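# What the coordinates show
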Amino acid sequence: MDSTSGNGAELESANGSGVTDALPPPPPIIPPNVEPVRVETEVAVKKNVRVPMARKGFGTKGQKIPLLTNHFGVKVSNLQGYFYHYSVALFYDDGRPVEQKGVGRKILDKVHETYRSDLEGKQFAYDGEKTLFTFGALPSNKMDFSVVLEEVSASRTNGNASPNGNEEPSDGDRKRLRRPNRSKSFRVEISYAAKIPLQALANAMRGQESENSQEAIRVLDIILRQHAARQGCLLVRQSFFHNDPSNCEPVGGNILGCRGFHSSFRTTQGGMSLNMDVTTTMIIKPGPLVDFVIANQGAKDPFTVDWSKAKRTLKNLRIKVSPSNQEYRITGMSEKPCREQTFEYRPRNAPKNENGESETVEITVYDYFLRERNLELQYSADLPCVNVGRPKRPTYIPLEHCTLIPLQRYTKALNTFQRSALVEKSRQKPQERMNVLSKALKVSNYDAEPLLRSCGISISSNFTQVEGRVLPAPKLKMGRGDELFPRNGRWNFNNKQFVEPAKIDKWAVANFSARCNVRQLVDDLIRIGGSKGIEIAAPFDVFEEGHQFRRAPAMIRVEKMFEEIQSKLPGAPQFLLCLLPERKNCDIYGPWKKKNLTEYGIVNQCMAPVRQPNDQYLTNCLLKINAKLGGLNSMLSVERTPAFTVISKVPTIILGMDVSHGSPGQSDVPSIAAVVSSRQWPLVSKYRASVRTQPSKAEMIESLVKKNGTEDDGIIKELLVDFYTSSGKRKPEHIIIFRDGVSESQFNQVLNIELDQIIEACKLLDENWNPKFLLLVAQKNHHTKFFQTNSPDNVPPGTIIDSKICHPKNNDFYLCAHAGMIGTTRPTHYHVLYDEINFTPDELQELVHSLSYVYQRSTTAISVVAPICYAHLAAAQLGTFMKFEDQSETSSSHGGVTAPGPISVAQLPKLKDNVANSMFFC
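Residues numbered from 1 in each chain as written. Predicted model: local features only at pLDDT ≥ 70, side-chain atom pairs only at ≥ 80, totals over all residues. Heavy atoms only, no water.

## Here's the deal with the packing of helix H13 (residues 554-568) against helix H14 (residues 589-600)
It is the contact of H13 with H14, at a shortest axis distance of 9 Å, that shows an interaxial angle of 50°. Our classification of the angle between H13 and H14 gives oblique. Helix-helix and strand crossings are classified by hand; for H13 and H14 the assignment is right-handed. Taking contact as the criterion, the partners of Ala554, Met555, Val558, Glu559, Met561, Phe562, Ile565 and Gln566 in H13 are, on H14, Pro591, Trp592, Lys595, Asn596 and Tyr600. Looking at the contact of H13 with H14 residue by residue, the classes come out as nine nonpolar, two polar and two charged. (Axes fitted to C-alpha atoms, helices over the stretch in contact; angles between N-to-C directions. Helix = DSSP H or I, 4+ residues; strand = E, 2+ residues; numbered from the N terminus. Parallel < 35°, antiparallel > 145°, perpendicular 65-115°, else oblique. Left-handed = near helix turned anticlockwise from the far one by under 90°. Contact = heavy atoms within 4.5 Å. Nonpolar A, V, L, I, M, F, W, Y, C, P; charged D, E, K, R; others polar.)

## Thoughts on the sheet that holds strand E3 (residues 125-126)
Pairing is antiparallel in the open sheet, where five strands are placed in the order E3-E4-E2-E6-E5. Both edges of this open sheet fall to E3 and strand E5 (142-148), since each of them pairs with a single strand only. Where E5 and strand E6 (residues 185-197) come together, seven bridges link them in antiparallel fashion. Considered in E6, the bridge of Ser146 is made with Arg187. (Pairing = 2+ DSSP bridges.)

## Observations concerning the side chain of Asn811
As for its position among the elements, Asn811 is in strand E40 (residues 811-816). Those residues in contact with Asn811 that sit more than four places away from it in its chain are Met53, Ala54, Arg55, Tyr830, His831 and Val832.

## Topic: helix H10 (residues 430-444)
Think of an α-helix as turning once every 3.6 residues; residues three or four places apart then point the same way. Spanning 15 residues, H10 covers 21 Å between terminal C-alpha atoms, matching the ideal 21 Å at 1.5 Å per step. Residues of H10 that are buried include every one of Pro430, Arg433, Met434, Leu437, Ala440, Leu441 and Ser444, and no others. Down the axis of H10, the buried set is contained in an arc of 130°. They therefore lie on one face. Residues Asn435, Lys439, Lys442 and Val443 are exposed on H10 and point more than 90 degrees away from its buried face. Each element contacted by the buried residues of H10 is listed here: strand E1 (63-76), helix H5 (211-229), strand E10 (255-268), strand E11 (271-284), strand E21 (457-470) and strand E38 (786-788). Note on H10: the residue one or two positions beyond its end, Asn445, has a positive phi of about 50°. (Expected span 1.5 Å × (residues − 1). Buried < 20%, exposed > 50% of the residue type's maximum accessible area, 1.4 Å probe, protein only. Arc of directions from axis to C-beta.)

## Quick notes on the state of the cysteines
This model, assessed by the stated rule, comprises zero disulfides. Cys338 takes part in no disulfide bond, and the closest cysteine sulfur to it belongs to Cys385, at a distance of 3.2 Å. According to the relative accessible area criterion, Cys338 is buried, its value standing at 0%. (Disulfide = S-S within 2.5 Å.)

## Some words on helix H9 (residues 416-426)
Every buried residue belonging to H9 is among Thr416, Gln418, Ala421 and Leu422, and all of these are buried. Residues of H9 that are buried in the fold lie against strand E9 (248-252), E10 and E11. Sitting at the head of H9, Asn415 places a side-chain oxygen 3.1 Å from the backbone nitrogen of Phe417. (Polar contact = N/O pair within 3.5 Å; in protein donor to acceptor, adjacent residues only side chain to side chain.)

## Quick notes on the packing of aromatic side chains
If you walk through the whole model with that rule in mind, you get 21 aromatic pairs. Residues Phe786 and Tyr814 carry aromatic rings whose centres are separated by 5.5 Å and whose planes lie at 75° to one another, so their mutual orientation is edge-to-face. Highlighted residues: Phe786 in strand E38 and Tyr814 in strand E40, separated in sequence by 28 residues. Put simply, the rings of Tyr687, Tyr855, Tyr870, Phe920 and Phe921 touch in pairs and so form one group of aromatic residues. In this structure, Arg50 packs its charged tip against the face of Tyr834, placed 5.6 Å from the ring centre. Over the face of the ring belonging to Tyr366 we find Arg339, whose NZ or CZ atom lies 4.8 Å from the ring centre. (Phe/Tyr/Trp six-rings, centres within 6.5 Å; stacked < 30°, edge-to-face > 60°. Lys NZ or Arg CZ within 6 Å of the ring centre and 35° of its normal.)

## So, empty space enclosed by the protein
In this structure the tally under the stated criterion is six cavities of 30 Å³ or more. Of the pockets and cavities examined, the largest cavity occupies roughly 110 Å³. Secondary structure elements with two or more residues in the lining of the largest cavity: E40, strand E41 (828-835) and helix H18 (841-850). When grouped by side-chain class, the residues that make up the lining of the largest cavity number six nonpolar, four polar and five charged. Quantified by volume, the second largest cavity comes out at close to 50 Å³. (1 Å grid on protein atoms, 1.4 Å probe; cavity = no way out; pocket = protein on both sides within 12 Å on 5 of 7 lines; lining within 4 Å. Points joined across faces, edges and corners; volume = space filled by probe spheres on them.)

## Remarks on the packing of helix H6 (residues 289-297) against helix H7 (residues 307-314)
Packing of H6 against H7 leaves a shortest axis separation of 11 Å and a crossing angle of 115°. Put simply, H6 runs roughly perpendicular to H7. For the crossing formed where H6 meets H7, the hand is right-handed. Between H6 and H7, the residues in contact are Leu289, Phe292, Val293, Asn296 and Gln297 and Trp307, Lys309, Ala310, Thr313 and Leu314, respectively.

In structure tokens:
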């Protein structure tokens, strides 16, 4: 009966009338002698999921060198036990879930303290949110506890309480104060979820990684986080920062660089290790709130501050309010200053209305503090108030009563000068870093952590010894047949010429009010160019910016300069030299580049000479100019010979892939994906780029293939076609991919999504074409460092490590290709995910090392392969196109198609053909 009426109701609602549809006729009766025909179903083809490849062997080339690394050996003596995983649910006493951040640890600590015997003394490893681990099981699979916390600092306050929250509440307020977020009684539910054998760690060290082994390492990392939290540290993933002013250095704008430590467990070929490193995060200088706002905006005083901008900066910061000493979180700013901002207030002795409730009066924040608190505001009466309440129930506090509390992260983008100061103040020489790490490990006292002790984990206090190899630098070819071996990762062009110098006939100079002798600069450039083999004719003219435009917006200045150039030049120049007025963050740069590259297709070079540039400065500029004009400064001696591994024997394209994101906090800025590719095979020193926008913070590249009807407008097709036309109409038989900027957790996506798209792009060009692939990921954002055992210097350039602290099974290695001149060298961690070409370990390592020497912008080996650096540069340069326009102005899309997804992403304008194939990004 129930089901029939249910169906009837559905039918009625479906056809919209009160009459139900007639039932269909019964099926025909099948005669007994009919044999049913079996339907042939297609067998679903199961796609083979690619996984990172296993190591084939170890490299042998190079001079052996003993090294130390910041991995500390870990012994696990109790591999028979289990970690038990429990889910945690926190509720207020009236049943509402606890959503307030930061209170979970206090509640669980209280549970542990109050119910120790009920928990049979088991120690907790709690992640601060919804996950709890114990070593060994709790007495029951589901446990409920009630606890009372003496003090819970609520981030939200009562909207009708007095502005500084220090008043005895009225009857009505008392009722509101019993809202759950002010309650001090909590109920905790702990429910069993899973168990994780410690044996999984032993399996992981043998290269048999599983979900269990990853979970077991996660538990160990949670124990480290909890250990740091109990010491009052600021936690940023696996990095911990103590509240110690001696660890903080000012970088400008009342922002401090706070030095802390990264600690995490790793499985390596040599067993478990604790990777510990020095790290830095940005925090806001504690102290008067108004001081921070003034310094942050570079204002003279609080009355010249842009308070609408300050409102965005201050949101969610935590303050302490005087004289009550209570802590609050800032939710906004008042619209009006303290003298004018009013709120509803119930005075203590207010007359009661007929319902027996105290009558409210409207009062300004200024008058409230003066009359009720007897506090006269010194300077903030004419400034906005800080709101620590909710939008509909605000609680206003005058600025001068607000103090920022310590250890609050600053997550906005730093300006150029702050970044420079941070780099300057956070770098440490190798010996200093080793001493700091040894001391930090001692202070951390992990051996006293009960949970680590209970599972038999002990951590060595000695740096792990590893054996590295120093690969010899590749021989480089210069002009006039000169060859040289770089020394200590460096070389120069003294008395040498570029291997393929360009020729500059038609060019001009655009001077945007730079303070230098332009005629002298031009003469010097022609002279030095001649010594390097570049024939530079005299420029057509030097176009000086009109005085009346110097204060105009950047786009107008560029427009006016081009009007001037067009009116006087007989035709399009081959090259434009642009002299900028400011060295850092010049707002002319983006509009100038966009105008040259997308509207006119002119190769150009920007220069910001603060004083009269010397020969070294101009030589460095000529390195970039020559590369942009299609020349080559230096190249590997083996590039055009059969001696260069398999690359010279078989047409091979090299791709460098990267995605750059907007600054932290800029969620509306599109991410920029850049892929560069080698051209003119067998060269590996010339590249071109294809750059597209995609949704903000999307890490996987979305436009590798982009079907538009029967056409493919994707990045890969564009690059393959260019390789074909520039390499004597040859298709690449080998495709070598260097991918930057992805973590281990994203390797499978790179292998199974991005690589699939690249294969699809090849198939769309030619169904029968089956090139072989090599895929490597390069990581710079890791915490492994190397130190020489018998020298205070950095490791020599060319140092490679592929054993002991590398992955127990996967194919990875660390390479320090460059000479670390300042601080401690950060090696690049290369992961070989896929190799159909079958390189030997030595061949592959030699290739990667050689590609660190083909970077045309400098005369040094660089820390990561050149294709990846070029992808960074291309993304950064085209990113400047977006900075000076709003979304609507940049909607002229590449190929007329906007990126998929719920939000339309502003597309980059297309580069003119004559610069699209150049190294415009150099």
